[in-house]
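Observations on the model geometry
Given next are the chains, with one letter for each unit.
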Amino acid sequence: MMVSVSMPRFRLVELTGGDPFVGFAQDVEAGLTAEPKHLSCRYFYDREGSRLFEAICKLPEYYLTRAETEILERHAPEIASLFPNDVTVIELGSGNAVKTRLLLEALLPGRQVRYVPIDICRPVLEESAADLLERFPRLEIVAVAAEYHEGLRHLRSESDRPRLILWLGSNIGNFRRAEAAEFLRRIRDTMTSADRMLVGVDLRKDRAVLEAAYDDAAGVTAAFNLNLLARINHELDGNFDLSAFQHRATYNQELGRIEMYLVSTRAQSVTMGRIGLTVQFAAGETIHTENSYKYSLAEINALAAAAGLQDLCFWQDTAGRFSLHFLAARTDPAGT
Ligand code: AVI
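Everything numeric in this text was worked out from a predicted model, so none of it was measured. (Residues numbered from 1 in each chain as written. Predicted model: local features only at pLDDT ≥ 70, side-chain atom pairs only at ≥ 80, totals over all residues. Heavy atoms only, no water.)

1. Thoughts on the sheet that holds strand 8 (residues 245-252)
The line we're drawing: Only strands that DSSP links by at least two bridges are regarded as paired with each other. Only DSSP runs of H or I with at least four residues qualify as helices, and only runs of E with at least two residues qualify as strands; both kinds are numbered from the N terminus onward.
Pairing is mixed across the open sheet formed by four strands, whose spatial order is 2-12-9-8. Each edge of the sheet is formed by a strand with only one pairing partner; in this case those strands are strand 2 (37-38) and strand 8. Of the pairings in the sheet, the one linking strand 9 (residues 257-264) to strand 12 (residues 286-293) comprises seven bridges and is antiparallel in character. Bridge pairing in strand 12 links Ile-258 to Ser-292.

Put into structure tokens, the structure is as follows:
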């Protein structure tokens, strides 16, 4: 007798290590009392920040999303053909998962596909999962609300089928180079010989193109950056005057990274009542809010090698701005 067990098509797993308020409060205090001041870019993504990031992805200057979408539109069927059977697609920093649809569409015919999006913004996870479940009636989703490092723990438990691990959108660029290699190595340590990884990497290019992408004419990236201060105002009872800070994005060519700052336009004092903190700003003083690293192909090769990964193949958009790399765990002694 055959017993069929009906699986729910959607499950949400919440893996937040400790109280998120405490983590945010401690990081804000440490960052704003440091010299020079800094805040972590991972705090950009509250609901409003996630909405602004989606708007950034549609800007004419922000070529990254369009370039990666072009690559996936062209090559998703080829990527899918590299998976003969059922597959689990795990995505780190999934956001609205719009590009991922292209891969799911190519994978679903003839295969069972479980999609495991991992993201820190739970409302965004829920919205994108609802959309995907409606579009793809055979898709199963296990959504994981977690930071990357906690998400890695979950990755180990998804081991019943070959896995395609996605790290798209140049999310790797928000890690320092050594940290990116270390994080890839940790992912690689969870991979079997049947697993593959797809990593989207933004390439080094002209300063003008890069600086426009991170300082758009419509001011959306400026609003995204300033939203960090609005978040502090809401969550920590702060009194940042957003009109007294300006967005700045500059390309540091030597380090191959865009650096984003908030610049205080005057001497001022800001209080965060909920954590009993007052911070002084001099006129022109900066808060460093984000690095976005760009890579050459040689640097991507070195990164893969340092992480014990083998770059099986890669695809680029027609303008050669963005590169998508298909990687496997190396099994030779040098890669272990
Ligand atoms: C999410 N991350 C890959 C974006 C980037 O390009 O570094 C974040 C971003 N910051 C400003 N614009 C977009």
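2. Some details on helix 7 (residues 177-188)
Structurally, the α-helix is built with 3.6 residues per turn, so residues lying three or four positions apart point the same way. Note the following rule: Helix span, as expected, comes to 1.5 Å for every residue beyond the first. Working definition: with a 1.4 Å probe on protein chains only, accessible area under 20% of the residue-type maximum means buried, over 50% means exposed, and in between means partly exposed. Note that the arc is computed from the directions linking the helix axis to the C-beta atoms.
Over its twelve residues, helix 7 extends 16 Å from the first C-alpha to the last, a length consistent with the 16 Å expected when each residue adds 1.5 Å. All buried positions along helix 7 are accounted for by Ala-180, Ala-181, Phe-183, Leu-184, Ile-187 and Arg-188. The buried residues of helix 7 occupy one face: seen down the axis, they fall within an arc of 165°.

3. Notes on the packing of aromatic side chains
Which entries qualify depends on this criterion: Paired rings are identified among Phe, Tyr and Trp, the last through its six-membered ring, by centres lying within 6.5 Å, and are further divided according to the angle between planes into stacked (under 30 degrees), edge-to-face (over 60) and tilted (the rest). Consider the ring centre and the ring normal. A charge sits over the ring if Lys NZ or Arg CZ is within 6 Å of that centre and within 35 degrees of that normal.
The tally for this structure, following the rule as stated, stands at 19 aromatic pairs. Ring centres of Tyr-62 and Tyr-214 lie 5.8 Å apart, and the angle between their planes is 75°; on these two criteria the pair is classed as edge-to-face. Highlighted residues: Tyr-62 in the loop between helix 2 (47-57) and helix 3 (63-81) and Tyr-214 in the loop between helix 8 (207-213) and helix 9 (220-236), separated in sequence by 152 residues. When its relative accessible area of 5% is taken as the criterion, Tyr-214 is described as buried. On the numbers, 5.5 Å between centres and 65° between planes, the contact of Phe-240 with Phe-245 is edge-to-face. Here the two residues Phe-240 and Phe-245 agree in accessibility, since each one is buried. Taken together, Phe-44, Tyr-45, Phe-53, Tyr-62, Tyr-214 and Phe-224 form an aromatic cluster joined through their ring pairs. Seen from the ring of Tyr-295, Arg-177 lies directly overhead, with NZ or CZ sitting 4.6 Å from the centre.

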